[in-house]
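What follows is the residue order along each chain.
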Amino acid sequence: MSHILEHPSLRTLDLSHNKIGDYGARGIGKLLVSKCPLTVLDLCSNQISVHGAGAIGHALEKNSRLLSLNLRLNRLSDEGGVAVLKSLLKNTTLTTLHLGGNELGELSAQAMNEVAIHNSTLLSVNLSCNKLGEAGGRLLQEGLEENSAITAMDLRQTGVGEENEYCIHQILKRNQDRAAGK
């Protein structure tokens, strides 16, 4: 199996809806720090909780190949969301992150604030269907004000509030215009 995972042509791995849980997520963490050439990893709906998220976050700190990670519809909770997001303070390759539907809250919004301020490679973030709240929306807005790289952020059903969502949309539009050279 390890020979397959290290094969140079393996770029995309979709393990969505497989119930790999935290045990499988720890295995994925080991894979991410190996010679595996993965650039896209889909772990949607796998019953991953805080422990698996911690393993994936730890691996992301050391990984320099993965570009896209989908962790939507798991059970990360705020603690797991923070573990994944904080790893992006060291990771300089991930451009797309999907954390929708993971029971994230204000603590994750605070971690995303820090990522927005310090990470310049992340371009697209999906935080939809979480309970970030208006305070979380303000934190996201504050972080994004310092960021010129993120051009897309899905905040549907997060409770960030209309004003925060509007301001965030304006910041993302500014970043899109900069990226397009306008």
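Look up a bit, the structure's there.
Let me begin by describing the structure that accompanies this report. Quick caveat: nothing in here was measured; it's all calculated off a predicted structure.

On to the sheet that holds strand β6 (residues 152–154). Sheet strands pair by backbone hydrogen bonding; their relative direction is either parallel or antiparallel. The parallel open sheet is built from 6 strands, whose spatial order is β1-β2-β3-β4-β5-β6. At either end of the open sheet lies a strand with only one pairing partner, and these are β1 (12–14) and β6. The sheet shows a mean angle of 0° between the axes of neighbouring strands, taken without regard to direction. In this structure, strand β2 (residues 40–42) lies alongside strand β3 (residues 68–70), joined through 3 bridges in parallel fashion. Looking at the pairing, V40 lines up with S68 of β3.

Looking now at helix α4 (residues 77–87). Since the α-helix advances by 3.6 residues per turn, residues separated by three or four positions end up pointing in the same direction. Taken together, the buried positions of α4 are occupied by D78, G80, G81, V84, L85 and S87. Lining the buried residues of α4 we find α3 (50–62), β4 (96–98) and α5 (106–118).

As a further point, take the state of the cysteines. Put plainly, two cysteines are in a disulfide when a covalent bond ties their sulfur atoms together. The final tally for this structure, using the stated rule, is 0 disulfides. No disulfide involves C44; its sulfur sits 12 Å from that of C129, the nearest cysteine. Residue class for C44 comes out buried when judged on its relative accessible area of 0%.

The subject of this paragraph is the pattern of salt bridges. This model, assessed by the stated rule, comprises 4 salt bridges. The salt bridge involving R156 is made with D154; its shortest N-O contact spans 2.6 Å. For R156, a relative accessible area of 53% puts it in the exposed group. Classification of D154 as buried rests on a relative accessible area of 18%.

Quick look at the nonpolar core now. Ranked by internal contacts, the top residues of the largest apolar core, which has 45 residues, are L69, M112, L127 and M153. Those elements giving two or more residues to this core turn out to be α2 (21–32), α3, α4, α5, α6 (133–145) and α7 (162–179). Among the elements that line this core, the one with the most residues is α5, at 5 residues. Dropping the residues within four chain positions of it, L69 is found in contact with L41, L43, I56, L60, L94, T96, L97 and H98.

Turning next to the packing of α4 against α5. Close contact between α4 and α5 brings their axes to 8 Å; oriented N to C, the two are set at 10°. It follows that α4 is roughly parallel to α5 by the angle criterion. Contacts from S77, D78, G81, V82, L85 and K86 in α4 reach E106, L107, S108, A111, M112, E114 and V115 in α5. For the contact of α4 with α5, the residue count by class is 6 nonpolar, 3 polar and 4 charged.

So, about the side chain of N63. Mapped onto the secondary structure, N63 falls in the loop between α3 and β3. The class for N63 is buried, based on a relative accessible area of 4%. Of the polar contacts made by the side chain of N63, one reaches the backbone nitrogen of R65; its length is 2.8 Å. At 2.7 Å, the side chain of N63 and the backbone nitrogen of L66 are in polar contact. Apart from the residues lying within four places of it in its own chain, the contact partners of N63 are L32, N91 and T93.

Here E163 shows up in helix α7. The class of E163 is exposed, set by a relative accessible area of 64%. Residues E163 and N102 lie 61 residues apart in sequence; the distance between their C-alpha atoms is 24 Å.

A separate point is unusual backbone geometry. In the Ramachandran plot, E103 falls in the positive-phi region, its phi being about 60° despite a non-glycine side chain. For C129, which is not glycine, the phi torsion reads 60° and is therefore positive. Along the chain, the position of C129 falls in the loop between β5 (124–126) and α6.

Conventions adopted
Residues numbered from 1 in each chain as written. Predicted model: local features only at pLDDT ≥ 70, side-chain atom pairs only at ≥ 80, totals over all residues. Heavy atoms only, no water. Pairing = 2+ DSSP bridges. Helix = DSSP H or I, 4+ residues; strand = E, 2+ residues; numbered from the N terminus. Axes fitted to C-alpha atoms, helices over the stretch in contact; angles between N-to-C directions. Buried < 20%, exposed > 50% of the residue type's maximum accessible area, 1.4 Å probe, protein only. Contact = heavy atoms within 4.5 Å. Disulfide = S-S within 2.5 Å. Salt bridge = Lys/Arg side-chain N within 4 Å of Asp/Glu carboxyl O. Core = buried A, V, L, I, M, F, W, Y, C linked by side-chain atoms within 4.5 Å. Parallel < 35°, antiparallel > 145°, perpendicular 65-115°, else oblique. Nonpolar A, V, L, I, M, F, W, Y, C, P; charged D, E, K, R; others polar. Polar contact = N/O pair within 3.5 Å; in protein donor to acceptor, adjacent residues only side chain to side chain.

Everything listed here is a matter of geometry and, on its own, says nothing about what the molecule does.
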